[in-house]
Amino acid sequence: MKKKSLIVLALLIPSLVKADDDLKSSMFNPEYTAVTSQSIAPDARGGSLGDTGAATDADVNSQYWNVAKYPFCISRAGVALSYTPWLRSLVNDIYLGYLAGYYRLGEYAALSASLRYFSLGEVFMSSSDNMSINPYEMSLDVGASMMLSEKFSLGVAVRWIYSDLTYDYTSDTSPGSAFAADLGFYYQSYPRIGSRECQLGLGLCFSNIGSKIRFGGVDYSEFIPANLRLGASLTIPIDEYNKIMLTADANKYLVPTIPQQEDGEADADYQARLQEYREMSSITGIFKSFTDAPGGFSEELREIRLSGGAEYTYNDKFSIRAGYHHQDATKGNLKYFTVGAGFKMSVFALDVNYLIATTNTNPLDKTLRFSLSFDMDGIKDLFKR
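Visitor: Looking at this structure, I do not really get empty space enclosed by the protein. What am I missing?
Guide: Here the idea is plain: a probe the size of a water molecule rolls over the atoms and shows the empty space left. Per the counting criterion, the structure on display carries 4 cavities of 30 Å³ or more. Approximately 620 Å³ is the volume found for the largest cavity. Secondary-structure elements contributing two or more residues to the lining of the largest cavity are α3 (62–65), β3 (109–119), β6 (136–147), β11 (199–210), β12 (227–237), β13 (242–253) and β14 (305–314). Tallying contributions element by element places α3 first for the lining of the largest cavity, with 3 residues. When its residues are assigned to classes, the lining of the largest cavity shows 14 nonpolar, 17 polar and 10 charged. Here the second largest cavity defines a volume of roughly 60 Å³. Residue contributions to the lining of the second largest cavity peak at 3 residues, all from β11. Within the lining of the second largest cavity, the residues separate by chemical class into 7 nonpolar, 4 polar and 1 charged.

Visitor: How should I be thinking about the pattern of salt bridges in this particular structure?
Guide: Close approach of charged atoms lets side chains of opposite charge pair. Under the criterion given, the structure shown has 16 salt bridges. Among the ionic pairs, Arg-45 bridges to Glu-311, the shortest N-O distance being 3.1 Å. Of this pair, Arg-45 sits in helix α2 (residues 44–48) while Glu-311 sits in strand β14, placing them 266 residues apart in sequence.

Visitor: What exactly am I supposed to notice about the pairing of β14 here?
Guide: Put simply, side chains in a regular strand alternate between the two faces of the sheet. Burial along β14 is one-sided: Arg-305, Ser-307, Gly-309, Glu-311 and Thr-313 are buried, and none of Leu-306, Gly-308, Ala-310, Tyr-312 and Tyr-314, which face the opposite way, are. With 10 bridges connecting them, β13 and β14 associate as antiparallel partners. Its bridge partner being in β14, Ala-248 is matched across the sheet by Gly-308. Relative to strand β15 (residues 318–326), β14 runs antiparallel, the two being bridged by 9 bridges. By the bridge assignment, Ser-307 is partnered in β15 with His-325. The antiparallel hairpin formed by β14 and β15 contains 3 residues in its connecting segment, where Asn-315 sits at a positive phi of about 55°.

Criteria and thresholds
- Residues numbered from 1 in each chain as written.
- Predicted model: local features only at pLDDT ≥ 70, side-chain atom pairs only at ≥ 80, totals over all residues.
- Heavy atoms only, no water.
- 1 Å grid on protein atoms, 1.4 Å probe; cavity = no way out; pocket = protein on both sides within 12 Å on 5 of 7 lines; lining within 4 Å.
- Points joined across faces, edges and corners; volume = space filled by probe spheres on them.
- Helix = DSSP H or I, 4+ residues; strand = E, 2+ residues; numbered from the N terminus.
- Nonpolar A, V, L, I, M, F, W, Y, C, P; charged D, E, K, R; others polar.
- Salt bridge = Lys/Arg side-chain N within 4 Å of Asp/Glu carboxyl O.
- Buried < 20%, exposed > 50% of the residue type's maximum accessible area, 1.4 Å probe, protein only.
- Pairing = 2+ DSSP bridges.

Next up, the structure:
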């Protein structure tokens with residue numbers, strides 16, 4: 001019963017989703033990782049833009065997208081709370097909660113932190129004795145970022161990851177933990193396009209670079225979802241009150257592809273290759289992730305996930321957003337449109353996001369995501385009145 005429960009939980013994780021029925025199983029070859037809840041976009045604004053954020057203008061949720069953006073925040077400090085339902089069409093107690101905040105040190109540096117909690121709800125282990133467990137995954141990270149010039153910044157974050165999908169803390173089943181780090185770079189300038197002064201953003205972020213994670217009951221460690229994110233954004237003012245932002249991101253997991261048994265390959269030879277994969281260090285896996293796809297360079301390109309979005313803002317108070325995310329059918333087949341809106345006051349901002357999947361593999365299909373953020377400068381000014 002114990003193993004069966006773990007399998008059921010694993011099937012809830014998006015990295016294990018099945019491809020469309022007409023897709024041959026031999027072609028379906030995604031990158032597998034543990035704690036894939038780390039890959040869920042936590043906030044409604046980034047989610048509304050097709051899951052982009054490496055180079056969008058800085059906000060309180062930059063910790064997930066690119067920690068280097070914080071020194072470019074206008075406000076001195078901010079806090080945000082986000083809620084994302086998961087598999088809402090099937091259950092009502094699986095969700096992702098996310099708390100993020102930052103504090104700027106002077107004009108050129110910032111400290112930041114975030115807490116992520118992914119609850120898999122209540123899972124019944126046995127109908128006879130009504131026994132249940134509440135598995136979850138969580139992470140806590142802190143970051144520091146600094147402007148190296150008026151246009152360029154660097155940020156670093158360190159993260160502790162914990163995954164508890166069991167109920168019996170023995171040698172057979174026990175939680176796993178890992179440590180990781182993010183490294184981000186951000187460039188912001190104001191080029192002129194015609195008569196308009198626009199804002200250009202470029203971002204690069206390496207996330208979850210660190211140790212592997214091991215759970216009780218297995219004699220090998222698993223890769224965590226190390227990721228490379230590259231993005232660009234362009235904000236174009238229409239007039240004094242109206243502006244449009246266009247943004248796009250490209251993502252690639254920095255984990256090796258799990259070996260597949262080839263036709264005619266002896267079981268012993270395959271097990272040897274599989275053992276080599278399991279014993280591979282996370283750093284070796286990062287470099288190998290660029291060259292190990294069985295289909296060669298063309299398959300490496302299919303591992304890149306593309307997303308883009310647009311945001312219209314009126315008077316820096318009201319925004320509407322839309323985006324699209326594309327993942328190759330052989331690498332997970334997550335393809336979806338996103339829409340959303342945001343309303344900002346001097347003290348708080350509320351953002352909502354709705355996802356419309358174009359395939360049947362997305363746990364967030366027809367799901368509303370919410371983010372509520374608070375501007376500490378606005379709160380401080382409110383009490384001065």
